[in-house]
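Here is what each chain is made of, one letter per residue.
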Amino acid sequence: MKTQMVMAAAFASTLVVANPVAAQDREGWPDNFTVGTASQGGTYFAYGSGWANFVAENLGVSGGAEITGGPMQNMALVHTGNLQFGLTTMGPARESMEGNSPIAPGVNMDNVCAIFPMYETPFSVTALSDSGITSISDIPDGATIGFGPAGSTSDTYFPRMMETLGVDFERRNGSWSDLGTQLQDGLIDVVAFAAGIPIPAVSQLEVQTDVNIIGMTDAEAKKITDNFPVSEFIIPASTYQSLENDSRVVSMWNFSIANCDVPESMVYEITKLTMENNDKMVSIHKAAQTSIPKNYTKNTVLPWHPGAARWFNENGYDIPESQIK
């Protein structure tokens, strides 16, 4: 997939949050860095580009975000060192580490390390209100469903979930922004989103037209949690204008990642900056409310980068040596 670079502000003259890192601590640091995100209109792009800006401005290193195919591709790009940093979801991370990535079948992507917890990715369905689709069971046979970019978390898991729930559909891929436009234009019937909330494309849609944001019944949620590496999740009614009540769905955790060969001191400073300034992260995207140290236990898949582990261990969050790369 051809990627497009979206560069952040490169070098700030004044460091507004972090203390400057001494020159002797910067041995081996790259002159610039790139964060792999996902398509425009999704949470990864908004979160990742904002985080890249934040790090660049406060550590004085040129950096930016790159549009990618999402978690699966980010695992591959970070593993090979084509990108130093990225964002991924625990399901795709596990499949990639075990050599089951559709991007590179048989390649164990084991040179990817966790840095910090981000947020949970809820799986939710959106349809136009005039479609009459108010539940998953209402989706008609043969409906065209947009599942996001090929290889994304949504594209990897949501079609399987729909099949498990007995939905017969035609599959469509594309960026969240493009799929939102196609939904509004009547070219597809449903968009199956998997992204941190609020999803920019959904927020934009509900300003422009009337939409139904569809949750799962108790039975549907149980069937999915019994068959996939997800847990139940509640989307608060306050998240979207279109929600009158809280919406029950399922979710999967996201973590920021680094190539394991990125210098320990650099990852330590990035972890420190991010974990000690949650208010700034929340100003970048509301999903960052859960980008807090105590959620480090949600990583049950990836080894920890030594620089990240050092910060967590210094601050009372125990990461044993056996879990550090």
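As the structure is a prediction and not an experimental result, all values here were calculated from the model.

## Considering the overall build of the protein
Assigned secondary structure in the protein consists of ten helices and eleven strands. What you see for the protein is a C-alpha radius of gyration of 19 Å, in line with the 20 Å of a compact globule of 325 residues. Principal-axis analysis of the C-alpha atoms gives the protein an extent of 65 × 40 × 35 Å. The proportion of buried residues among the 325 residues of the protein is 58%. Sequence separation of at least 24 residues holds for 77% of the intrachain contacts in the protein that already meet a minimum separation of 6.

## Focus: the state of the cysteines
Under the definition given, this model contains one disulfide. In this model, C113 is linked to C260 through a disulfide, with the two sulfur atoms separated by 2.1 Å. Linking C113 and C260, the disulfide has an S-S dihedral of approximately 110° and is accordingly described as right-handed. With a gap of 147 residues between them, C113 in strand β5 (residues 112-128) and C260 in the loop between β11 (247-259) and α8 (264-275) connect regions that are remote in the sequence.

## Concerning the pattern of salt bridges
If the charged atoms of two oppositely charged side chains come close together, the side chains can form a pair. Overall, the coordinates contain nine salt bridges when judged by the stated rule. Where R160 meets E95, a salt bridge forms, and the shortest distance between an N and an O atom there is 3.6 Å. Within this pair, whereas R160 is found in helix α4 (residues 153-164), its partner E95 is found in helix α3 (residues 90-97), the two being separated by 65 residues in sequence. Note that K272 is salt-bridged to E276, the shortest N-O span being 3.2 Å.

## As for α3
Each α-helix winds once per 3.6 residues, and so residues spaced three or four apart point in a common direction. Within α3, seven of the eight residues are buried, leaving the element largely enclosed by the surrounding structure. Those residues of α3 that fall on the buried side of the exposure criterion are M90, G91, P92, A93, E95, S96 and M97. Elements in contact with the buried residues of α3: α2 (71-80), β4 (85-89), α4 and β11. Looking at the residues trailing α3, positive phi occurs at G99, about 80°.

## Describing α4
Spanning twelve residues, α4 covers 17 Å between terminal C-alpha atoms, matching the ideal 16 Å at 1.5 Å per step. Of all twelve residues making up α4, nine are buried, and the element is well covered by its neighbours. Considered for burial, the residues of α4 that qualify are T153, S154, D155, T156, Y157, F158, P159, M161 and M162. Positive backbone phi, approximately 80°, marks G166, located one or two places after α4.

## Examining empty space enclosed by the protein
For the coordinates displayed, the defined rule picks out one cavity of 30 Å³ or more. For the largest cavity, the calculated volume is near 130 Å³. Taken together, 17 residues make up the lining of the largest cavity; nearest its centre are A38, Y44, P71, W176 and A194. When its residues are assigned to classes, the lining of the largest cavity shows seven nonpolar, ten polar and no charged.

## Thoughts on the pairing of β4
In terms of burial, β4 is largely enclosed, as five of its five residues are buried. Neither face of β4 is exposed, since F85, L87 and T89 on one face and G86 and T88 on the opposite face are all buried. With two bridges connecting them, strand β2 (residues 32-36) and β4 associate as parallel partners. Counterpart to V35 in the pairing with β4 is F85. Here five bridges tie β4 to β11, and the two strands are oriented antiparallel to one another.

## What about the packing of aromatic side chains?
For the coordinates displayed, the defined rule picks out 16 aromatic pairs. A centroid spacing of 6.4 Å and a plane angle of 55° characterise the contact between Y296 and W304, whose relative ring orientation is tilted. The burial state of Y296 is the same as that of W304; both residues are buried. Above the face of the F147 ring, R171 is positioned so that its terminal group lies 6.0 Å from the ring centre.

## Here we look at unusual backbone geometry
Between I197 and the following residue, P198, the backbone shows a cis peptide bond with an omega angle of -5°. Looking at the secondary structure, you find P198 in the loop between β8 (190-194) and α6 (200-208).

## Considering the layout of surface pockets
In this structure, the largest pocket spans a volume of roughly 320 Å³. I197, P198, K286, A287 and Q289 are, among the 13 residues lining the largest pocket, the residues nearest its centre.

## Section: the side chain of S265
Position of S265 relative to the elements: it lies in helix α8. On the basis of relative accessible area, S265 is assigned to the buried category, the value being 18%. There is a polar contact of 2.7 Å between the side chain of S265 and the side chain of W29. If sequence neighbours within four positions are ignored, S265 has contacts with D25, W29 and R310.

What counts and what doesn't
Residues numbered from 1 in each chain as written. Predicted model: local features only at pLDDT ≥ 70, side-chain atom pairs only at ≥ 80, totals over all residues. Heavy atoms only, no water. Helix = DSSP H or I, 4+ residues; strand = E, 2+ residues; numbered from the N terminus. Rg over C-alpha atoms; globule rule 2.2 N^0.38 Å. Buried < 20%, exposed > 50% of the residue type's maximum accessible area, 1.4 Å probe, protein only. Contact = heavy atoms within 4.5 Å. Disulfide = S-S within 2.5 Å. Salt bridge = Lys/Arg side-chain N within 4 Å of Asp/Glu carboxyl O. Expected span 1.5 Å × (residues − 1). 1 Å grid on protein atoms, 1.4 Å probe; cavity = no way out; pocket = protein on both sides within 12 Å on 5 of 7 lines; lining within 4 Å. Points joined across faces, edges and corners; volume = space filled by probe spheres on them. Nonpolar A, V, L, I, M, F, W, Y, C, P; charged D, E, K, R; others polar. Pairing = 2+ DSSP bridges. Phe/Tyr/Trp six-rings, centres within 6.5 Å; stacked < 30°, edge-to-face > 60°. Lys NZ or Arg CZ within 6 Å of the ring centre and 35° of its normal. Polar contact = N/O pair within 3.5 Å; in protein donor to acceptor, adjacent residues only side chain to side chain.

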